[in-house]
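Breakdown of the fold
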Amino acid sequence: MADPRQPHLVVFTGSGISAESGIQTFRAGDGLWAEHPIEEVATPQAWRRDPARVLNFYNLRREQVRRARPNAAHKALAELERQGFRVSIITQNIDDLHERAGSRNVLHLHGEILKARSTVDARMQYPLPRGGIELGDICDKGSQLRPDVVWFGESVPHFGEACEIVAEADMLLVVGTSLAVMPAASLLEHTPLDAPSVLVDPEAAALAPPGVFRISQPAGKGVPELVRYWRREGRLWVPETLLG
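Model, not experiment: these values are computed from the prediction.

Rules and cut-offs
- Residues numbered from 1 in each chain as written.
- Predicted model: local features only at pLDDT ≥ 70, side-chain atom pairs only at ≥ 80, totals over all residues.
- Heavy atoms only, no water.
- Helix = DSSP H or I, 4+ residues; strand = E, 2+ residues; numbered from the N terminus.
- Buried < 20%, exposed > 50% of the residue type's maximum accessible area, 1.4 Å probe, protein only.
- Contact = heavy atoms within 4.5 Å.
- Areas by Shrake-Rupley, 256 points an atom, 1.4 Å probe, with all protein chains shown as cover.
- Lys, Arg positive; Asp, Glu negative; His and termini not counted.
- Charge placed at Lys NZ, Arg CZ, Asp CG, Glu CD.
- Phe/Tyr/Trp six-rings, centres within 6.5 Å; stacked < 30°, edge-to-face > 60°.
- Lys NZ or Arg CZ within 6 Å of the ring centre and 35° of its normal.
- UniProt positions renumbered as here; feature names shortened; annotations may be inferred.
- Polar contact = N/O pair within 3.5 Å; in protein donor to acceptor, adjacent residues only side chain to side chain.

**What about the overall build of the protein chain?**
Of the regular secondary structure elements, the protein chain holds ten helices and nine strands. Summarising its shape, the C-alpha atoms of the protein chain cover approximately 55 × 40 × 30 Å along the three principal directions. Counting over 244 residues, the protein chain shows a buried share of 52%. Taking as baseline every contact in the protein chain between residues at least 6 positions apart, the subset at least 24 positions apart corresponds to 64%. For the protein chain, the accessible area works out to roughly 11600 Å², and carbon and sulfur atoms hold 51% of it. Across the protein chain, the centroid of the 27 positively charged side chains sits 4 Å from that of the 31 negatively charged ones.

**Some words on the packing of aromatic side chains**
In this structure the tally under the stated criterion is three aromatic pairs. Between the aromatic rings of phenylalanine 57 and tyrosine 58, the centroid separation amounts to 4.9 Å while the plane-to-plane angle is 85°, which identifies the pairing as edge-to-face. By relative accessible area, which is 3% here, phenylalanine 57 ends up buried. We classify tyrosine 58 as buried; its relative accessible area is 4%. A centroid spacing of 5.8 Å and a plane angle of 75° characterise the contact between phenylalanine 213 and tryptophan 237, whose relative ring orientation is edge-to-face. Residue phenylalanine 213 is located in strand β9 (residues 213–215), and its partner tryptophan 237 is located in the segment after α10 (219–233); the two are separated by 24 residues in the primary sequence. Overall, phenylalanine 213 belongs to the partly exposed group, its relative accessible area being 26%. The lysine or arginine in question, arginine 146, covers the ring of tryptophan 151, its NZ or CZ lying 3.6 Å from the ring centre.

**Looking at the UniProt feature "binding site: NAD(+)" (unreviewed entry) in the protein chain**
As recorded in UniProt, the feature "binding site: NAD(+)" (unreviewed entry) lies at Gln92, Asn93, Ile94, Asp95, Gly176, Thr177, Ser178 and Ala219. Mapped onto the fold, glutamine 92 is located in the loop between β2 (86–91) and α7 (97–101). Residue placement: aspartate 95 occurs in the loop between β2 and α7. With a relative accessible area of 6%, aspartate 95 lands in the buried category. Not counting residues up to four positions away in its chain, the partners in contact with aspartate 95 are Ser18, Ile23, Val65 and His108. Separated by 2.6 Å, the side chains of aspartate 95 and serine 18 make a polar contact.

Structure (structure tokens):
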């Protein structure tokens, strides 16, 4: 159990951390959108136009997530929590790899692919331990089920909660995101002035805003190295030997 008096590490993760587990990213040249244009599978308009196509796209992604396994970065963050550090994770990812690694405090900004929800009441959510969603699958109110994900053009219901978490951070660790997707990218603006921020990403030198520490490594290498340092020193800081 984390000691509430311990410094609070808030971790903000993007698709780069899951890519190392074999889950395709959206924005890479070989990513999902290269095969499936956003407007055809990930917008409210696409859902109204062709719900069967949208359901099939997410059914395929769901099976990809089930086959994936947490990588060294997921496991290192979970181990840090098990060692008594206060760790809160905010993720843009819709997979469950953080939870499967053992992290307990995870907020999914863009929903969870292993859940379905009602099209008339977003509070009505249903776990999907197996299988997918088909046309004709309905909620308890008789309405078609849809993936429990935030589509482009929809509001991000948990953004306010994420801002509150970031505002209580003693350090913000950003992992595997281009910091290009709004409003999530604006979370950095809510970090306390005295809380350092660090970005772990192979392209960190190009992506990190001014004032953010840069660790230009893949998540599976940079995050475990940071965690080993924190566990050894018993404090949150960024060693100069990792910067670059």
